[in-house]
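Chain by chain, the residues:
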Amino acid sequence: MITKDATAAAPAPAPAAPAPPRPHKKRPAWDEVPRWQIYLPLGIYLVFTLIPFYWILLFAVRPAGSTSLVPWPMTTEHFEKVWTDRGFGTYFQNSVYVGLATLVMTTLVALAGGYALARFDFTIKRVFMLALLCSQFVPGALLLVPLFEIFAGLQMINSLGSVIIAETVFQLPLSIILISNFIKNVPYSLEEAAWVDGCGRFRAFRIVVLPLLRPGLIAVGSFAFVHSWNHFLFALMFLNNQHKQTIPVGLNSLMSADSVDLGALAAGGIVAAVPVVIVFAFIQKWLITGFSAGAVKG
């Protein structure tokens, strides 16, 4: 017989255990994604990217009048035609001169302006930065008429110097912003330590800061070179003499209202593209580092 006291002393039943949480579906890691899902879209993109290059190469090395989709037998007649008969040797030299001069001038001015923006405070600093940013919204075509009037007054029309100055002015806003952000990532204490050791501001900048700016300078210089190499409007507007023209204007001269020499045009396109491809192949590591470091504020 169970007494009342025994019933009261009995332990209470244990609470039911909570239900285990439902496992979340694990997202597949990068290594767990099937390779075909990665390589298939990349392969399709690569095919669509390389087809135009193969097509231009086909027309450049295929004999005139041939309709074969395989460049065999190959010929160099189109390259000889554009290099000698159409004056692409002269156009190439002019483009190299304009590109290198624009690279040097843009880099030097952007380096001075970027250092001033990064290290000094002055009254109109914010206004100046805003003006640099707003200048990027102005298309180059709007600058043709005022620049033409300025260069005509200076008697610089039909001179490569006019194209170099125009290209430099057009590239400076973005270049100054990039160099300025890149210099901000260099600790100011490094320059102060050089000053304590007896260096002046210029010597401290040359010895301490300038070596650290190599990726940024390469990025800015390569961008200025490629843009001046490919730019068409300034060379077309300011250069009237055929011996002063650059490669983009030379390519345009291969097309007429009645006919287009596809073989010569393809060969000229390869002549114009190969130097840029070679430059990017050698500097791509510095280029990526420079743009990524100069795009953010330290």
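Look up a bit, the structure's there.
Counting restarts for each chain, with residues numbered from 1 along the sequence as it is written. Reporting in this predicted model follows two pLDDT cut-offs: at least 70 for local features of residues, and 80 or more for side-chain atom pairs to be given and counted; totals over whole chains, interfaces and linings ignore these cut-offs and use all residues. Where side-chain values are given, they derive from all heavy atoms of the structure, hydrogens and water being excluded.

> Whenever I open this one, the overall build of the chain confuses me. Can you help?
Every helix listed is a DSSP run of H or I at least four residues long, and every strand listed is a run of E at least two residues long, numbered separately from the N terminus. For the chain, the count of helices and strands is 13 helices and 0 strands. Helices and strands in the chain line up, N terminus first, as α-α-α-α-α-α-α-α-α-α-α-α-α. Any two residues having at least one pair of non-hydrogen atoms within 4.5 Å are treated as being in contact. For the chain, restricting intrachain contacts to residue pairs at least 6 apart in sequence, the fraction spanning at least 24 positions comes to 73%.

> Any chance you could explain the nonpolar core here in plain terms?
When a protein is soluble and globular, its nonpolar side chains tend to lie buried together. As used in this record, nonpolar core signifies buried Ala, Val, Leu, Ile, Met, Phe, Trp, Tyr and Cys residues forming a set joined through side-chain atoms within 4.5 Å. The rule is simple: take the accessible area with a 1.4 Å probe, protein chains only, and divide by the maximum for that residue type; under 20% is buried, over 50% is exposed, in between is partly exposed. Of all hydrophobic cores here, the largest spans 19 residues; its most connected members are L111, I176, I179, I183, F205 and L213. Taken together, the elements giving at least two residues each to this core come down to helix 4 (88–119), helix 7 (160–184), helix 9 (201–209) and helix 10 (214–230). The greatest single-element share of this core, amounting to 7 residues, is contributed by helix 7. Those residues in contact with I179, other than ones at most four positions away along the chain, are A110, L111, G114, G216, L217 and V220. Of all hydrophobic cores here, the second largest spans 18 residues; its members include F88, I247, A264 and V276.

> Could you clarify how one ought to interpret the packing of helix 4 against helix 10 in this entry?
When two helices pack together, their arrangement is given by the angle between their axes and by how far apart the axes lie. To get an axis, a line is fitted to the C-alpha atoms, and for a helix only the part in contact is used. The angle between two axes follows their N-to-C directions and goes from 0 to 180 degrees. Look at helix 4 against helix 10: their axes get within 8 Å of each other, and the N-to-C directions meet at 145°. Read as a crossing pair, helix 4 and helix 10 show a hand that is right-handed. Along its contact with helix 4, which presents F92, S95, V96, V98, G99, L100, T102, L103, T106, T107 and L111, the element helix 10 presents L217, V220, G221, A224, F225, S228 and W229. Side-chain classes are defined by residue name, with Ala, Val, Leu, Ile, Met, Phe, Trp, Tyr, Cys and Pro counting as nonpolar, Asp, Glu, Lys and Arg as charged, and the others, Gly among them, as polar. For the contact of helix 4 with helix 10, the class distribution of residues is 11 nonpolar, 7 polar and no charged. The handedness criterion is simple: a crossing whose near helix is rotated anticlockwise from the far helix by less than a right angle is left-handed, and one whose near helix is rotated clockwise is right-handed.

> Explain the packing of aromatic side chains here, please?
Think of a pair of aromatic rings as described by two things: how far the centres are apart, and how the planes are tilted against each other in angle. We call Phe, Tyr and Trp rings a pair once their centres come within 6.5 Å, taking the six-membered ring for Trp, and we label the pair stacked below 30 degrees between planes, edge-to-face above 60, and tilted otherwise. For the coordinates displayed, the defined rule picks out 12 aromatic pairs. A centroid spacing of 5.5 Å and a plane angle of 65° characterise the contact between W55 and F59, whose relative ring orientation is edge-to-face. Residue W55 and its partner F59 are both found in helix 2 (residues 35–61); the two are separated by 4 residues, about one turn of the helix. For W55, a relative accessible area of 43% puts it in the partly exposed group. Taken together through their ring pairs, the aromatic side chains of F148, F151, F170, F234 and F238 make up a single cluster. If you follow R62 out to its NZ or CZ, it ends over the ring of F59, 4.7 Å from the centre. Two conditions define a charge sitting above a ring: the NZ of Lys or the CZ of Arg must be within 6 Å of the ring centre, and it must be within 35 degrees of the ring normal.

> What am I meant to see in the pattern of salt bridges here?
Pairing between side chains of opposite charge can happen when their charged atoms approach one another. Any carboxyl oxygen of Asp or Glu that lies within 4 Å of a side-chain nitrogen of Lys or Arg is treated as forming a salt bridge with it. Inspection of every chain in the model, using the stated rule, returns 1 salt bridge. In this structure, K125 engages D121 in a salt bridge whose closest nitrogen and oxygen atoms are separated by 3.4 Å. Among the residues examined, K125 registers a relative accessible area of 18% and is labelled buried.

> Help me understand the environment of G114 in this model?
Considering the arrangement of structural elements, one finds G114 in helix 4. For G114, a relative accessible area of 0% gives the class buried. Residues G114 and P173, spaced 59 residues apart in sequence, show a C-alpha to C-alpha distance of 9.9 Å. Non-local contacts of G114, meaning those with residues more than four positions away in its chain, are made with I176, I179, S180 and I183.

> It is not clear to me how a nonpolar patch on the surface should be interpreted in this structure. Could you clarify?
Taken together, the side chains of W36, L40, I44, V47, F48 and I51 make up a nonpolar region of the molecular surface, amounting to roughly 670 Å² of accessible area. Looking at the element boundaries, I51 is found in helix 2. Only residues whose relative accessible area exceeds 30% and that form no salt bridge are eligible for patches; like-charged ones are grouped when within 9 Å, while nonpolar side chains (Val, Leu, Ile, Met, Phe, Trp, Tyr) are grouped when within 5 Å. Only the protein chains shown count as covering a residue, and every accessible area follows the Shrake-Rupley method with a 1.4 Å probe.

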